Amino acid sequence: MKVITTLTRMWLTRSTQPFIFQNEYDNQLPFAECDGLGLYVHIPFCRRLCSFCPYCKEVYKEETCSRYIDDLIQEIHMVGSQITGKKQVTSLYFGGGTPALAANRIGEIIGAVREHFEIKEGIGLELHPENVTEETLRTLKKAGVTKISIGIQSFQDKFLSVLGRNDIDPAQIANVLRAVSFETVSMDFIFALPGQTFQDLKSDIDMAFQNGANHIAIYPFIDFTFTASQVPPMKKREKRALLDAITRYCQTQGYVRDSIWTFSSKKGAKYSSMTRDNFLGFGCSATTLLKDQFKINTFSVTEYGRRLGSQELPTSLTIRFTRRQRMIYYLFWTAYSTQVDPADFERFFGVPLKKMYGLEFWLAKKLGLAKKEQGVYHMTLKGAFYYHYYENYYTLSYIDQMWGLMRKEAFPKGMKL
C-alpha cells in the first residue's frame, strides 16, 4: 500500500522528495488573490461517537461547545481581518462532528464570516438523522443555511446495527423536509459494507429520493487504523461490480453524476466542500489549501482554545508544496468531479496540462480510464472505480497516518509522508 503511493508520488512529482509537514505556519495567510476560494467550519461535538467515523470529534458538553464557538469566531475574525473589504468566496460548509448541536449559534458564526467574506453559492451543513426536526431546521434556515446533508449511512436495520446506529424512520424525515425546504437536501450513504448488494444500495437510493432528497452521496467504507470499527472491508471484485451497477442504475434514472460519489435528481442540487481550488478552514482539524501551501489545525479542543487565547493561529502542521506536488494535489481533487479541464489547469498554474502530464493523460485514455470530449477529460466507469480504489490507498497511506498522529499530539514536531 505504502509502496504504491510512494512510487506514484515519485513518478508524478518527478522527484524522490516526500511530502514534508512542519510545525510552522504563516501568521498572514496569502488568500487575498486566490480565486475559487471556499470556506469550511468544523464543529467536533457529537452526542455519541460512532466507531466507524474517523473525523475529529468528542462527546458533546454544552459548556465546552459554547467556549469552542467563542474561539471559533475569534479565529474567523483573526483570518478574515487580514484583508481589507470583503473577499468573494464560493461557499461555506459546516462539518463535524454534529454541527446542529450548536444550531442556536450557527447564525452567529455565519454573521462573523459575512463580516469578511461574500458567499456566492450558498451555505451547507451536515446533520445527524436525530437532528432532522422542524425546530432545528427552522433555526438553521433562519441563520442562512441553504443546503443540508443528512448522514443516513443506510436505511436498513441490518447495516445500521453493524454501524452502531439507531433505526431511521424515512417517513418522519420526509414530513420534516416537506415542512422546511432547502435548496439542496443531500443524504449520505456508506458504500461497500460487508454483504451489501446492489438491491440493498438501490433500495437506499430510491428511499432517499422518495423521502425528500434531491442529492445523494455514496462514500466508500474505509477501514482507518485508529478507529474502533470492526467492519471488514469489501473485496475489490465485489466493490467494482457494486459500484458499476449502482452507477449505471443512477444514470438510467436520469440522475446527474456531479462527482465520483454523488448524484443529483435536480439540476443545480449540489453538495460538496471538496471540489475547490483553494479553501480556508476554521476550527479543530480544519484544513486550509492555498496556492503554495496546505495546513491543518490542531485536533485538540483545549489546545485550539489556548492558541487563540494567545492571539495565535491554531495551526499544527504545514506543508510548503513544490510546484509538482501542488499540481498532483490539484489534479487528484479536481478529478473527484469526474472531469479535468486543461484550460482550468493552465489558468491556475500558467502552464499547459499537456506539457506537464501529457503522457499520463494519454495513458489514461489508452487504458480506458478517461475519454476526451470537447477538450475536457471525463472519467469512464472504469476510471471512476480505479479512482475509488486508489483513493483507499491514498487515504490509508497519508490521511490515516496524519490523523492518527494528530489525535495523539496537539502539535507534532513534523512528519514525512
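Residues numbered from 1 in each chain as written. Predicted model: local features only at pLDDT ≥ 70, side-chain atom pairs only at ≥ 80, totals over all residues. Heavy atoms only, no water.

## Let's talk about unusual backbone geometry
Then, in step 1: Residue Gly-97 is reached from Gly-96 by a cis peptide bond, and omega for that bond is 15°.
Then, in step 2: The topology assignment puts Gly-97 in the loop between β6 (92–96) and α3 (103–114).
Then, in step 3: Phi is positive for Gln-153, which is not a glycine, with a value near 70°.
Then, in step 4: Tracing the backbone shows Gln-153 in strand β9 (residues 147–153).
Then, in step 5: Despite not being glycine, Gln-374 has its phi angle at roughly 50°, a positive value.
Then, in step 6: For Gln-374, the location among the structural elements is in the loop between β19 (370–373) and β20 (376–379).
Then, in step 7: On the basis of relative accessible area, Gln-374 is assigned to the exposed category, the value being 86%. (Helix = DSSP H or I, 4+ residues; strand = E, 2+ residues; numbered from the N terminus. Buried < 20%, exposed > 50% of the residue type's maximum accessible area, 1.4 Å probe, protein only.)

## Structural notes on the packing of aromatic side chains
Then, in step 1: For the coordinates displayed, the defined rule picks out 25 aromatic pairs.
Then, in step 2: On the basis of an interplanar angle of 90° and a centroid distance of 5.0 Å, the ring pair of Phe-332 and Trp-333 is categorised as edge-to-face.
Then, in step 3: The structure contains a cluster of three or more aromatic residues connected by ring pairs, namely Tyr-219, Trp-261, Phe-332, Trp-333, Tyr-336 and Tyr-387.
Then, in step 4: Lying across the ring of Phe-348, Lys-291 places its NZ or CZ 4.8 Å from the centre. (Phe/Tyr/Trp six-rings, centres within 6.5 Å; stacked < 30°, edge-to-face > 60°. Lys NZ or Arg CZ within 6 Å of the ring centre and 35° of its normal.)

## Here's the deal with a positive patch on the surface
Then, in step 1: Judged by side-chain charge, Lys-354, Lys-365, Lys-366 and Lys-372 come together as a positively charged surface patch.
Then, in step 2: Its place among the elements puts Lys-366 in helix α12 (residues 353–366).
Then, in step 3: You can call Lys-366 exposed: its relative accessible area is 60%. (Patch = residues over 30% accessible without salt bridge, like charges linked within 9 Å, V, L, I, M, F, W, Y side chains within 5 Å. Areas by Shrake-Rupley, 256 points an atom, 1.4 Å probe, with all protein chains shown as cover. Salt bridge = Lys/Arg side-chain N within 4 Å of Asp/Glu carboxyl O. Lys, Arg positive; Asp, Glu negative; His and termini not counted. Charge placed at Lys NZ, Arg CZ, Asp CG, Glu CD.)

## Section: the sheet that holds β19
Then, in step 1: Spatially, three strands are ordered β18-β20-β19 in an open sheet, and the strand pairing comes out antiparallel. Two strands bound the open sheet, and with one partner strand each, they are β18 (339–340) and β19. (Pairing = 2+ DSSP bridges.)

## Things to note about the environment of Asp-200
Then, in step 1: Here Asp-200 shows up in helix α7 (residues 198–210).
Then, in step 2: Exposure remark for Asp-200: the relative accessible area of 8% places this residue in the buried category.
Then, in step 3: Residues Asp-200 and Val-176, 24 residues apart in the sequence, show an inter-C-alpha distance of 25 Å.
Then, in step 4: Among residues more than four places away in sequence, those in contact with Asp-200 are Gln-156, Lys-158, Phe-159 and Gly-195.
Then, in step 5: A polar side-chain atom of Asp-200 sits 3.1 Å from a polar atom in the side chain of Lys-158. (Contact = heavy atoms within 4.5 Å. Polar contact = N/O pair within 3.5 Å; in protein donor to acceptor, adjacent residues only side chain to side chain.)

## Focus: the packing of helix α1 (residues 2–13) against helix α13 (residues 381–408)
Then, in step 1: Here α1 crosses α13 at 95°, and the two axes come no closer than 9 Å. Between α1 and α13, the angle is such that the two are roughly perpendicular. Between α1 and α13, the contacting residues are Lys-2, Ile-4, Thr-5, Thr-6, Thr-8 and Arg-9 on the first element and Tyr-390, Tyr-393, Tyr-394, Ser-397, Tyr-398 and Gln-401 on the second.
Then, in step 2: Taken together, the residues of the contact of α1 with α13 break down into five nonpolar, five polar and two charged. (Axes fitted to C-alpha atoms, helices over the stretch in contact; angles between N-to-C directions. Parallel < 35°, antiparallel > 145°, perpendicular 65-115°, else oblique. Nonpolar A, V, L, I, M, F, W, Y, C, P; charged D, E, K, R; others polar.)

## Section: the pattern of salt bridges
Then, in step 1: Evaluated as defined, the whole model comprises 15 salt bridges.
Then, in step 2: Among the salt bridges present, the one from Arg-105 reaches Asp-70, with a minimum N-O distance of 2.8 Å. With Arg-105 in helix α3 and Asp-70 in helix α2 (residues 62–80), this residue pair connects regions lying 35 residues apart in the sequence.
Then, in step 3: Residue classification places Arg-105 among the buried positions, given a relative accessible area of 14%.
Then, in step 4: A salt bridge links Lys-147 to Glu-183, with the nearest nitrogen and oxygen atoms 3.2 Å apart. Of this pair, Lys-147 sits in strand β9 while Glu-183 sits in the loop between α6 (170–179) and β10 (184–191), and the two are 36 residues apart along the sequence.

## A short note on helix α10 (residues 323–334)
Since the α-helix advances by 3.6 residues per turn, residues separated by three or four positions end up pointing in the same direction.
Then, in step 1: With twelve residues, α10 ought to run about 16 Å at 1.5 Å a step, and its terminal C-alpha atoms sit 16 Å apart, in line with that.
Then, in step 2: With eleven of its twelve residues buried, α10 lies for the most part within the structure.
Then, in step 3: Among the residues of α10, Arg-324, Gln-325, Arg-326, Met-327, Ile-328, Tyr-329, Tyr-330, Leu-331, Phe-332, Trp-333 and Thr-334 are the ones counted as buried. (Expected span 1.5 Å × (residues − 1).)

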